[in-house]
Structure formats: structure tokens, C-alpha cells
Amino acid sequence: MRLIFLQNFIDVLRGKKVYAKFLKKKYDAVFSLGNNCETCIRLRDDFLGADFESFLFNWTAILDRDKFIELLGTGGKKLLCDNFEYTNSNDMLYAKYFKIGIHSRYKKEELADNLKLQKEAVDEIKSRLNHLAEKTEILFNSNKSILFVAKVLHKDFEDDCNYIKNLYNIILKNITYSDKRNFKLLCIVQKYDYDDKKFKKLCLKFKNFQKNRLEIKRVKKFANLGMKKGDRYGWVKILKKEIFV
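The rules behind the values
Residues numbered from 1 in each chain as written. Predicted model: local features only at pLDDT ≥ 70, side-chain atom pairs only at ≥ 80, totals over all residues. Heavy atoms only, no water. Helix = DSSP H or I, 4+ residues; strand = E, 2+ residues; numbered from the N terminus. Buried < 20%, exposed > 50% of the residue type's maximum accessible area, 1.4 Å probe, protein only. Polar contact = N/O pair within 3.5 Å; in protein donor to acceptor, adjacent residues only side chain to side chain. 1 Å grid on protein atoms, 1.4 Å probe; cavity = no way out; pocket = protein on both sides within 12 Å on 5 of 7 lines; lining within 4 Å. Points joined across faces, edges and corners; volume = space filled by probe spheres on them. Nonpolar A, V, L, I, M, F, W, Y, C, P; charged D, E, K, R; others polar. Pairing = 2+ DSSP bridges. Axes fitted to C-alpha atoms, helices over the stretch in contact; angles between N-to-C directions.

You can see Lys151 is positioned in strand S6 (residues 146–151). Given a relative accessible area of 2%, Lys151 falls into the buried group. Looking at Lys151, its side chain comes within polar contact range of the side chain of Asn36, at 3.0 Å.

Our focus in this paragraph is the layout of surface pockets. Taken as a whole, the largest pocket spans an internal volume of roughly 390 Å³. Taken together, 19 residues form the lining of the largest pocket, with Asn36, Cys37, Met92, His103 and Leu225 sitting closest to its centre. Secondary-structure elements contributing two or more residues to the lining of the largest pocket are helix H2 (37–48), strand S2 (60–62) and strand S4 (92–95). Residue composition of the lining of the largest pocket, by class: 11 nonpolar, 5 polar and 3 charged.

Turning our eyes to something else, we now look at empty space enclosed by the protein. This model, assessed by the stated rule, comprises 1 cavity of 30 Å³ or more. Computed from the structure, the largest cavity encloses a volume of approximately 60 Å³. Taken together, Leu33, Leu72, Phe140, Phe148, Leu167, Ile170, Ile171 and Asn174 make up the full set of residues lining the largest cavity. Per-element accounting of the lining of the largest cavity gives the leading share, 4 residues, to helix H6 (residues 157–174). Split into classes, the residues belonging to the lining of the largest cavity amount to 7 nonpolar, 1 polar and no charged.

Within the open sheet, the 4 strands sit side by side as S2-S5-S4-S3. Their pairing is antiparallel. Looking along the sheet, the strands with just one partner apiece sit at the ends: S2 and strand S3 (84–86). Averaged over all pairs of adjacent strands, the angle between strand axes in this sheet comes to 30 degrees, irrespective of strand direction. By the bridge criterion, 3 bridges tie S2 to strand S5 (residues 100–103) in an arrangement that is antiparallel. Bridging from a neighbouring strand, Thr60 pairs with Ile102 of S5.

Here we take up the pairing of S4. Taken residue by residue, a regular strand's side chains alternate between the two faces of the sheet. The alternating pattern of S4 places Met92 and Tyr94 on one face and Leu93 and Ala95 on the opposite face, and all of these are buried. Judged from the 3 bridges that link them, S3 and S4 form a sheet pairing that is antiparallel. Paired with Tyr86 across the two strands is Leu93, which belongs to S4. Count of turn residues in the S3/S4 antiparallel hairpin: 5 residues, of which Asn88 carries a positive phi of about 65 degrees. Relative to S5, S4 runs antiparallel, the two sharing 3 bridges. If you follow Leu93 over to S5, its bridge partner there is Ile102. Taking the residues between adjacent antiparallel strands as the criterion, S4 and S5 are bridged by 4 residues, where Lys99 takes a positive phi near 60 degrees.

Spatial relationships are all this shows, so hold off on functional conclusions.
In C-alpha cells, the structure reads:
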């Protein structure tokens, strides 16, 4: 039995299997609050596999978290009214006001200098966002249990604290809340920004919050844009404990 468990664990680390195949989940849905695609890649590739569901902010790059908080405060639907532009930097189109990048269905090489295809890409993105916004609204108004996961890029200590508090308060505002409804906000920071002393100080800021509603965890380092050099094992260790019984 121990050898089977060890082999399964090795297969998960190698990307051959996901944890959802072996363990019972604590939550009906896992909802990504960014900051970029690393959160969703860790959730999908290591844990949920085919059980991973797309919601409004899964595959986005959040460039301005103050604007993101503003958007969340509206339930996210105002993103559909934003103007999107192509910047020739990658395959993303960017919302001008809310500063959020959305992956296109087209390749960078196809979009470059092709205004017609860029317009088609914007239309497809808005159609997709409309579907995901409706799906997100249904989830928030249901009685389903939700784990919210946010990757918190460091600005400064107080700003990070305010951002986490704002995320928590907006979740309470947006979901149909009752004391019996199971939900939790899991915020991930990196040791590169938060050494032991600073991380302890951060956690103490939220000591009066219910631990079953808000938790702050730490990985050694986030991955770069190419998903290289990140602390995959750190994510695996945290998410395994938070997602599964």
C-alpha cells in the first residue's frame, strides 16, 4: 500500500496523474482570483485535471490589482463593456480600463498586423467572457462550497494587507452568504518577498479572521512567465491540504 501511494505521488509530480483521481474534495468548486495563469496551471495540471472548471478570471493576467478590486466589486460583468486592444507582445488582448490580459484563440504571429483577425479575436473573447460571467454568477448565487485561490504579487506590506482584506470583503459581498455555506479565501505569497519574520507579521494581521474562511500560505518562489523555476512542490503541498479531505 505504501509503495502504491509513493508511486502515485511520483506520477503526480511527473505530471502523469492528478490528485483528483485519488482523494475526496472539500469544495464543490475552486475559483481562481489570479494573479496570472500559474494558479490555474497548478490547479489543473497537478490536482483537478478534467474536473478543473473555467470561471471568469482563470486564464487572465491582472496588471493592476486596484482595478481588479474595482471590477470584482461589480461582480466582474463590467469587463464585457471594456475596450480590448492587441499590443503585439503575445497572444493576449488587453482590457484598456481594467488592465487585464485575456488569452486569444489565435497565435501571436496570426494576430500581428491583422486588424480583421484582431477584431474577430475581441469578439470571441467577449463571447467567452459573457459565458464565463454567467457561469460565475450562477456559482456565486448557488449554495455550492467554494475555495477561492489568489496568487498575491508583492507591492508593499500594507498594500498587500489591504488587497487581501478587499478580496475577502468582496467575496462576502458577491456570494450568497450564510454561516453554513462553506467558502474560503486562500492567498499565496512567495518567500522571496516574505521571509519568516515578515510572513509571521503578515499572518498576525489576519489573526482575528476565521481560519476556515481565510488562510495565507507561502511558496518559495513563483514561476516566471514561461512557467519555469517556480516552486511546484510548494504549491502541491499547499493545495493538496486545502482542496482535499
